[in-house]
Amino acid sequence: MSESYPRPPNHSMAEVVETNNKAVFKPKITVFHCFNAISSTAGADSNEYDISAVRMPCSSMTREVFLLRAFEAGADAVVVMVCPEGDCRYMEGNIRAGKRVARVKKILDEIGLDGKRLNIYPVPEKDLNTIDRIIKQTVSDLAGLGPNPAS
Amino acid sequence: MIVGQQKPLAEIKAEVVPFSKLLILGCGTCVKTCFAGGEDEVATLASSLRLAFKKDGRQIKIEELTVERQCEDEFIKEAAAAIARNDAVLSLACGAGVQMVANRYAKSPVLPGVNTTFIGILEKQGLFTEKCLGCGDCVLDVFAGICPVSRCSKKLMNGPCGGSHGGKCEVNPDTDCAWQLIIDRSKDFGQLDRLSTYVPPKDWRTSNAGGPRKLVREDHII
Amino acid sequence: MSAGKLQEILSQGKFAVTAECGPPRGANAEVVWKKGALLKGYVDAVNVTDNQTAIVRMSSIAACAHLIQMGIEPVMQMVTRDRNRLALQSDIMGAYSLGIRNILCLSGDHQIFGSQPEAMNVWDIDCMHLIHTVKDMRETGKDMSGFALDEPPKMFIGAAENPFADPFEFRVLRLAKKAAAGANFIQTQCIYDIARFKEWIHVAYEQGLTEQVHILGGVTPLKSAGMANYMATKVAGITIPEAIIKRLEATPKEKAAAEGMKICLETIQELREIKGVHGVHIMAIEAEDKVPEIVKLAGLYPRP
Ligand code: SF4
Ligand code: SF4
């Protein structure tokens, strides 16, 4: 599954932020995760970005409005981490979450916030490497997208 | 149930632009079932609108409320205080609900947030289909329980047109030809020959063609 | 007033020939005159389409009136898509007053594929009701309300049938309904699948329907393999067997039209031999100049 994620560029995140975005900003990322997928995102914080994590008993509880409210609360990007397909303890939670994310991406596009600020990734159980890579990818994407224009 | 679909965000935004305090009023009956105007949709829309206005550098205060049914006075009474507090109401009910609210609260602008589309069913998860046009003179008995008025694109009463193909309607290959269904079902009952009887033109007076309709139940008027 | 030529020919048991003329998208009567001039003398009557495929054109009644002035007998097509029963009846009276003697009653193509898909359709009544209405006018002298008309229109009534549409088992039943409602003649959808057509008319013949109603088989000469493919896949209600498409594909491009013509003539020949077929309806849309050639080569010229 490592192939499915584009690798972040090889230079430091601070550099990226500086070059692509002129004014330096410290991205705020909200991570929704199913506690079956990962037990904690602790340790993922850094000087370059802020992370707030929202734990859910199952990814099927990802409701549209929660994702939107995260943006209202100032998130520059929202990441939903779910169990890989077929691994959901509650059968289809991750599929449902995928559909809802797709719908909210559309709403974000309509608002003009850019649906690319919201992404969903499958994460094999407690795979910290993958989590780390996803966060780095998000930070690098944000360098291009800039801060949330509605915050 | 009445099936409807939320209007595009841009259209709703344009409707509410003159107001700074807005009540989004949901309805917990039909439009909730078809995911157009229940609590969840009210919350999602409120959040989307707040974000959209904030992005444009504008503030809008949005209050959310969902009542059981907007087409009954009994239930919309509950919204009185919330309506009084706001500049306008964006109703996510069907067209009937919107008008009921507008009728009771004559001083508040009441705007539609949903396009009311048809009387239909939940055919399967995520799929709603039209089944009735409310013609006021039901003829389902003649047509093996399948309504040619709402489900045949040409409202044909005497058999399929020449465009019926492979069970699908000429108008849309994703739509079943109502007449194929009528014939199949009649065959299942062993009543295909019934369809050889000439069905006279429909009397449309009972439909909307006869003007807005009213139903009076004397036994319920006290 | 006297009956029309088409009615006369069919009731005398002669093999009838009709063709089609689409009115212009505009008020230019010359277009109708030109098409009329091409067809005059080669066919017994000319169908004039009514906003065919839901594309807005000069009205069928007006174009019919132009043909009458040229001494050509028209078959006025009338669809129930665009007019309610009030308008349909008044137009039938008006048409009759202008000398129109034949009507082809249709439900019409859906407007969604036409030039103005945003239009509201009518379909107050269907083609079966229209047939019934015109028959009642003729036989009882009354309109749909039962009002006795001052000089009721006495039209020779036609209807369309598509032996190739689904569900097949209902197609003969529908023909029977049209005959019972009052249709005097039927013009069919273009025939390419002659086997299926034979199957359909055989059942009709067995049921005695071909005695009650004159059936005119529809033909349209194919111009190319491309046209055949397009009609087979894109036009609702048309079936073209693989063999015919292959035959055109195997023909060099410049000879394809001639091959299409040959196929058309073969079909007419077969139709003439089928019991219960009383005529041919040549739908050479925007190729009216081909009609005289077809009629002559098919040995149907001169006309009675
Ligand atoms: S016949 Fe009329 S009342 Fe009955 S289902 Fe159809 S539209 Fe509705
Ligand atoms: S294809 Fe069937 S449903 Fe569609 S218009 Fe024709 S008869 Fe009606």
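Residues numbered from 1 in each chain as written. Chains lettered and ligands numbered in written order. Predicted model: local features only at pLDDT ≥ 70, side-chain atom pairs only at ≥ 80, totals over all residues. Heavy atoms only, no water.

A separate point is the overall build of chain A. Looking only at helices and strands, chain A has four helices and four strands in total. Secondary structure elements of chain A occur, N-terminal to C-terminal, as α-β-β-α-β-α-β-α. Per-residue burial for chain A yields a buried fraction of 47% across its 151 residues. Expressed as a percentage of contacts within chain A between residues at least 6 apart in sequence, the contacts between residues at least 24 apart total 68%. Approximately 7,500 Å² of chain A is accessible, and the part contributed by carbon and sulfur atoms is 50%. (Helix = DSSP H or I, 4+ residues; strand = E, 2+ residues; numbered from the N terminus. Buried < 20%, exposed > 50% of the residue type's maximum accessible area, 1.4 Å probe, protein only. Contact = heavy atoms within 4.5 Å. Areas by Shrake-Rupley, 256 points an atom, 1.4 Å probe, with all protein chains shown as cover.)

The accessible area lost on association of the parts is a frequent measure of interface size. Contact with chain B, which involves 30 residues of that partner, is made by 28 residues of chain C. The junction of chain B with chain C conceals about 2,400 Å² of combined surface from both sides, 56% of it contributed by carbon and sulfur atoms. Summed over the three residues of chain B that lose the most area to chain C, namely B:Lys154, B:Asn158 and B:Tyr198, the buried surface amounts to 22% of that side. Taken together, the links from chain B to chain C amount to one salt bridge. Between B:Lys187 and C:Glu169 there is a salt bridge, and its shortest N-O distance comes to 2.3 Å. The interface formed by chain B and chain C contains 20 residue pairs in polar contact (both at pLDDT 80 or more). (Buried area = accessible area lost by both parts, 1.4 Å probe. Salt bridge = Lys/Arg side-chain N within 4 Å of Asp/Glu carboxyl O. Polar contact = N/O pair within 3.5 Å; in protein donor to acceptor, adjacent residues only side chain to side chain.)

All right, on to the site of ligand 2 then. All names here are of chain B. Taken together, Cys152, Ser153, Lys154, Pro160, Cys161, Ser164, Cys169, Glu170, Cys177, Ala178 and Trp179 are the residues near ligand 2. Among the detected pockets, ligand 2 sits in the largest cavity. For the shell around ligand 2, a count of residues per class yields seven nonpolar, two polar and two charged. (Near = heavy atom within 4 Å. 1 Å grid on protein atoms, 1.4 Å probe; cavity = no way out; pocket = protein on both sides within 12 Å on 5 of 7 lines; lining within 4 Å. Sits in = over half its atoms within 2 Å of the grid points. Nonpolar A, V, L, I, M, F, W, Y, C, P; charged D, E, K, R; others polar.)

Moving on, we come to the confidence of the model for chain A. Residues and elements named next belong to chain A. When pLDDT is averaged across chain A, the result is 79; 72% of the residues are at 70 or more. For chain A, helix H1 (residues 13–21) is the element with the lowest average pLDDT, namely 43, and helix H2 (residues 64–72) is the one with the highest, namely 96. This stretch, residues 1–22, has a pLDDT under 50; its non-local contacts, to residues over four places away or in other chains, come to 34 contacts. (pLDDT = per-residue confidence, 0-100.)

This brings us to the sheet that holds strand E1 (residues 2–6) of chain B. Residues and elements named next belong to chain B. Read from one edge of the open sheet, three strands run E1-E6-E7, paired in antiparallel fashion. A strand with exactly one partner marks an edge of an open sheet, and here the two such strands are E1 and strand E7 (127–132). When strand polarity is set aside, the average angle formed by the axes of neighbouring strands in this sheet is 70 degrees. Sheet topology note: the E1/strand E6 (residues 114–124) ladder contains five bridges and is antiparallel. Across the sheet, Gln5 pairs through a bridge with Asn115, a residue of E6. (Pairing = 2+ DSSP bridges. Axes fitted to C-alpha atoms, helices over the stretch in contact; angles between N-to-C directions.)

The next thing to look at is empty space enclosed by the protein. Residue and element names in this part refer to chain B. Under the counting rule described, the total for this entry stands at four cavities of 30 Å³ or more. The volume enclosed by the largest cavity comes to roughly 110 Å³. Forming the boundary of the largest cavity are 16 residues, of which Cys152, Ser153, Cys161, Cys169 and Cys177 lie nearest the centre. Each residue belonging to the lining of the largest cavity can be placed in one class, and the counts come to nine nonpolar, three polar and four charged. (Points joined across faces, edges and corners; volume = space filled by probe spheres on them.)

Here we come to the site of ligand 1. Taken together, B:Lys131, B:Cys132, B:Leu133, B:Gly134, B:Cys135, B:Cys138, B:Val139, B:Leu140, B:Cys147 and B:Val149 make up the full set of residues adjacent to ligand 1. Here the shell around ligand 1 is composed, by residue class, of eight nonpolar, one polar and one charged.

Another point: the domain arrangement of chain B. When cut into domains, chain B gives domain 1 (2–118) and domain 2 (135–208). Taking only C-alpha atoms, the centre of domain 1 of chain B and the centre of domain 2 of chain B are 37 Å apart. (Domains from an automatic or database assignment.)

For the rest of this paragraph, the subject is the sheet that holds strand E2 (residues 21–27) of chain B. Residue and element names in this part refer to chain B. With parallel pairing, four strands are arranged side by side in an open sheet as E3-E2-E4-E5. Each edge of the open sheet is held by one strand with a lone partner, namely strand E3 (61–67) and strand E5 (110–112). Between one strand axis and the next, the sheet turns by 25 degrees as a mean value, whatever way the strands run. Of the strand pairs in this sheet, E2 and strand E4 (residues 88–91) are connected by four bridges, and their pairing is parallel. Directly across from Ile24, in E4, lies its bridge partner Leu90. Strand contacts of helix H6 (residues 95–104): E2, E4 and E5, with the helix running at about 175 degrees to E5, the strand carrying the most contacts.

Right, let's talk about the layout of surface pockets for a bit. Volume-wise, the second largest pocket comes out at about 1,500 Å³. Together, 34 residues line the second largest pocket, and A:Glu64, A:Arg103, B:Cys34, B:Phe35 and B:Glu41 are the ones closest to its centre. Every element with two or more residues in the lining of the second largest pocket is listed here: H2 and helix H3 (93–111) of chain A together with E1, helix H3 (39–55), E6 and E7 of chain B. The dominant element in the lining of the second largest pocket, judged by the number of residues it contributes, is H3(A), at eight residues. When its residues are assigned to classes, the lining of the second largest pocket shows 13 nonpolar, nine polar and 12 charged.

Let us look at the interface of chain A and chain B. Taken together, the contacts link 15 residues of chain A with 12 residues of chain B. A buried area of about 1,300 Å², summed over both sides, lies between chain A and chain B, and 58% of it is on carbon and sulfur atoms. Together, A:Glu72, A:Ile111 and A:Ala150 form the three largest contributors to the area buried by chain A at its contact with chain B, with a combined 44%. Our count for the chain A to chain B interface comes out at two salt bridges.

On to helix H3 (residues 60–69) of chain C. Residue and element names in this part refer to chain C. Most of H3 sits inside the fold, with seven of its 10 residues counted as buried. Regarding H3, the residues found buried are Ser60, Ile61, Ala63, Cys64, Ala65, His66 and Leu67. Where the residues of H3 are buried, they touch helix H2 (29–39), strand E2 (45–48), strand E3 (74–79) and helix H4 (85–97). In the stretch just after H3, Gly71 is the one whose phi turns positive, near 80 degrees.

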